[in-house]
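Fold and contact review
The lines below spell out each chain.
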Amino acid sequence: MSYATVQDMVDRFGETEMIRLSRPEDRDATTVLAAKVELAIADACGLIDDYLRGRYRVPVAAPEKSIVRAACVLARYDLAKGERTEPTEQMRLDRKEVIAWLDGIAAGRINIEAPPAGELGSTGARISDRINVFDHQRLRG
């Protein structure tokens, strides 16, 4: 599951920047290279899940706006780290802030609205009423 979309990136950072970051080699480009942005978003979501996994069930089904923002910031930074582009100082600071926030979540200092990691849904293990065959045989013998 993705916590952000290409449109989230465009809404947050502007179409011009997303075109520039997704097609740095094409100065005449007029459209965002969606596949490249989607890959950066997927990488960002994977990183976010790595931080959340110890405390929350991932992927978070209904992510808060702060998670969407974090995915966008991380994806933007990754897009800027290319052969022809470098992240700006503001991009570095934004990424550092997001990583600190994720560290806070992982350490338990910050909480988000999401099901805890130990909470199982309908796909979790179930307890059965059946007699344990091994215990039953042990009782006989």
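Notes on the structure in this doc start here. Given the structure is predicted, the values throughout are model-derived calculations rather than measurements.

Points about the overall build of the protein
Counting its regular elements, the protein contains six helices and zero strands. Reading the protein from its N terminus to its C terminus gives the helix and strand order α-α-α-α-α-α. Here the protein, with 141 residues, has 34% of them falling under the buried criterion. Within the protein, counting contacts between residues at least 6 apart in sequence, those at least 24 apart form 70% of the total.

Describing the packing of helix 1 (residues 6-13) against helix 4 (residues 65-80)
For the pair helix 1 and helix 4, interaxial distance at closest approach is 10 Å and the crossing angle is 85°. Classified by the angle their axes make, helix 1 and helix 4 are roughly perpendicular. For the pair helix 1 and helix 4, contact is made by Asp8, Met9, Arg12 and Phe13 and by Val68, Arg69, Cys72, Val73, Ala75, Arg76 and Leu79, respectively. For the contact of helix 1 with helix 4, the class distribution of residues is seven nonpolar, no polar and four charged.

With respect to the environment of Gly54
Within the secondary structure, Gly54 is located in the loop between helix 3 (34-52) and helix 4. The exposed category is assigned to Gly54, whose relative accessible area is 67%. For Gly54 and Ala107, which are 53 residues apart along the polypeptide, the C-alpha to C-alpha distance reads 9.2 Å.

Here's the deal with unusual backbone geometry
The omega torsion across Val58 and Pro59 is -5°, close enough to zero to call that bond cis. Mapped onto the fold, Pro59 is located in the loop between helix 3 and helix 4.

A short note on the packing of aromatic side chains
In the structure shown here, the tally under the stated rule is zero aromatic pairs. Note that Arg95 overlies the ring of Tyr77, its terminal NZ or CZ placed 5.0 Å from the centroid.

What to know about helix 2 (residues 15-22)
Taken together, the buried positions of helix 2 are Glu17, Met18, Ile19, Leu21 and Ser22. Considering only its buried residues, helix 2 is in contact with helix 1, helix 3, helix 4 and helix 5 (89-107).

Digging into the pattern of salt bridges
Counted by the stated rule, this structure contains six salt bridges. The residue Arg69 makes a salt bridge to Glu97 at a minimum N-O spacing of 3.4 Å. Residue Arg69 is located in helix 4, and its partner Glu97 is located in helix 5; the two are separated by 28 residues in the primary sequence. Here Arg69 falls in the partly exposed class, since its relative accessible area comes to 28%. With a relative accessible area of 45%, Glu97 lands in the partly exposed category. Connected through salt bridges with shared partners, the residues Glu17, Arg76 and Asp94 form a single ionic network.

Let's talk about the nonpolar core
With 38 residues, the main nonpolar core has Met9, Met18, Ile48 and Leu52 as its most contacted residues. Among the elements of the structure, helix 1, helix 2, helix 3, helix 4 and helix 5 are those that each provide at least two residues to this core. It is helix 4 that contributes the most residues to this core, eleven residues altogether. Sequence-distant contacts of Met18, defined by excluding residues within four places in its chain, comprise Met9, Val10, Phe13, Val32 and Leu79.

What counts and how
- Residues numbered from 1 in each chain as written.
- Predicted model: local features only at pLDDT ≥ 70, side-chain atom pairs only at ≥ 80, totals over all residues.
- Heavy atoms only, no water.
- Helix = DSSP H or I, 4+ residues; strand = E, 2+ residues; numbered from the N terminus.
- Buried < 20%, exposed > 50% of the residue type's maximum accessible area, 1.4 Å probe, protein only.
- Contact = heavy atoms within 4.5 Å.
- Axes fitted to C-alpha atoms, helices over the stretch in contact; angles between N-to-C directions.
- Parallel < 35°, antiparallel > 145°, perpendicular 65-115°, else oblique.
- Nonpolar A, V, L, I, M, F, W, Y, C, P; charged D, E, K, R; others polar.
- Phe/Tyr/Trp six-rings, centres within 6.5 Å; stacked < 30°, edge-to-face > 60°.
- Lys NZ or Arg CZ within 6 Å of the ring centre and 35° of its normal.
- Salt bridge = Lys/Arg side-chain N within 4 Å of Asp/Glu carboxyl O.
- Core = buried A, V, L, I, M, F, W, Y, C linked by side-chain atoms within 4.5 Å.

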